[in-house]
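These are the residues of each chain, in order.
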Amino acid sequence: MFWQGHKKEDYRTVKTLFLSLIICLLGGSVMSASITTKEGKPVDMGETITLLKPDLNSTAGLMQALSKRQSDREYTSEPLTLEQVSEILWAAAGVNRDNGKRTAPSALALYPITVYAVFADGIYKYEPDSHKLTLAARGDHRDASAMQDFAFVAPLNLLFIADFDKYKAHAQISAEMRKMLCGQDAACMAENVCLYAAGNGLKNVVRGSVKWDKVYDVLKLDTNRYCGVLAQTIGK
Ligand SMILES: Cc1cc2nc3c(=O)[nH]c(=O)nc-3n(C[C@H](O)[C@H](O)[C@H](O)COP(=O)(O)O)c2cc1C
């Protein structure tokens, strides 16, 4: 036997080290999860993530949220829960009426802004109609999504990206005006997330600073059609 000639304490030390390693590995996998369940278990970051229905009976009060709204620039890497991620995306761009219209207003109801959710495991595109996230790029691209260190550790960064093709039927709207409308639409969406975060004990900051060229590369976006408008970091 390999432990013959060794003291019983040596064997105990090896056993303790082995158990510690297993605990570290298990703990590490939870810590590095992009999203967790309420119980802290990692959510499978597959091709599609089905989001949860928002809790419309949540007691977070609007005046409380307004009084707490502020920008934060210090984050831990602690993952958000699926409930929180679901409600953040619904607050930004979710469908809230039977006519398909959304939580945030949009000029001419054209909804030119797509929200991408940047996690440590990948970038996901939010699909408002199905309330799902679909994988757009595997891997940790938080570096591309920001120019400030806090965003590289935060569990979630949102990218608001405009699709100018949504204005195709509106030739009277100039290119300059389209850009302005997209910025205004994105600002409304981001403010919804600001208030959700403030009302639910989460930190956030709206950001104009993004390495957009890197984002376009990663997401393979044609810059004649798509334009990054705004970003937002959310976490704890
Ligand atoms: C369009 C826009 C872009 C912003 N860009 C950044 C940014 O890139 N980085 C950052 O740290 N804060 C950014 N901010 C946050 C502002 O600095 C912040 O709102 C301001 O200092 C007021 O502080 P408060 O939000 O805590 O009230 C941005 C805010 C807006 C509305």
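Quantities reported herein were computed from a predicted structural model and do not represent experimental measurements.

Which residues make up the site of the ligand, and what values do they have?
Close contacts around the ligand come from Gln70, Ser71, Arg73, Gln148, Val205, Val206, Arg207, Gly208 and Ser209, and that covers them all. Residue classes in the shell around the ligand are distributed as two nonpolar, five polar and two charged.

So, unusual backbone geometry: which residues are in play, and what are the values?
The general pattern is negative phi for most residues beyond glycine and trans for most peptide bonds. Of note, Ala109 is a non-glycine position whose phi angle comes to about 50°, a positive value. As for its position among the elements, Ala109 is in the loop between α3 (82–93) and β4 (113–119). Classification of Ala109 by C-beta neighbours within 10 Å gives exposed; the count is 10. Although it is not a glycine, Lys220 adopts a positive phi angle of roughly 55°. Counting through the fold element by element, Lys220 comes out in the loop between α6 (212–219) and β9 (226–235). Classification of Lys220 by C-beta neighbours within 10 Å gives exposed; the count is 9.

Mind laying out the sheet that holds strand β5 (residues 122–127), listing which residues take part and the relevant values?
Pairing is antiparallel in the open sheet, where seven strands are placed in the order β2-β6-β5-β4-β7-β9-β8. Of all the strands in the sheet, just β2 (48–50) and β8 (203–207) have a single pairing partner and so form its edges. In this sheet, adjacent strand axes meet at a mean angle of 25° when their direction is disregarded. As judged from the five bridges shared by β8 and β9, these two strands associate in the antiparallel manner. Paired with Val205 across the strands is Thr233, a residue of β9.

Outline the confidence of the model for the protein chain, listing residues and values.
Per-residue confidence for the protein chain gives a mean pLDDT of 90, with 86% of residues at or over 70. Of the regions scoring below 50 in pLDDT, residues 1–6 engages in two contacts with residues more than four places distant in sequence or in other chains.

Quick notes on the rules
- Residues numbered from 1 in each chain as written.
- Predicted model: local features only at pLDDT ≥ 70, side-chain atom pairs only at ≥ 80, totals over all residues.
- Near = placed C-beta within 6 Å.
- Nonpolar A, V, L, I, M, F, W, Y, C, P; charged D, E, K, R; others polar.
- Helix = DSSP H or I, 4+ residues; strand = E, 2+ residues; numbered from the N terminus.
- Buried ≥ 20, exposed ≤ 12 C-beta atoms within 10 Å, placed from the backbone.
- Pairing = 2+ DSSP bridges.
- Axes fitted to C-alpha atoms, helices over the stretch in contact; angles between N-to-C directions.
- pLDDT = per-residue confidence, 0-100.
- Contact = placed C-beta atoms within 7 Å.

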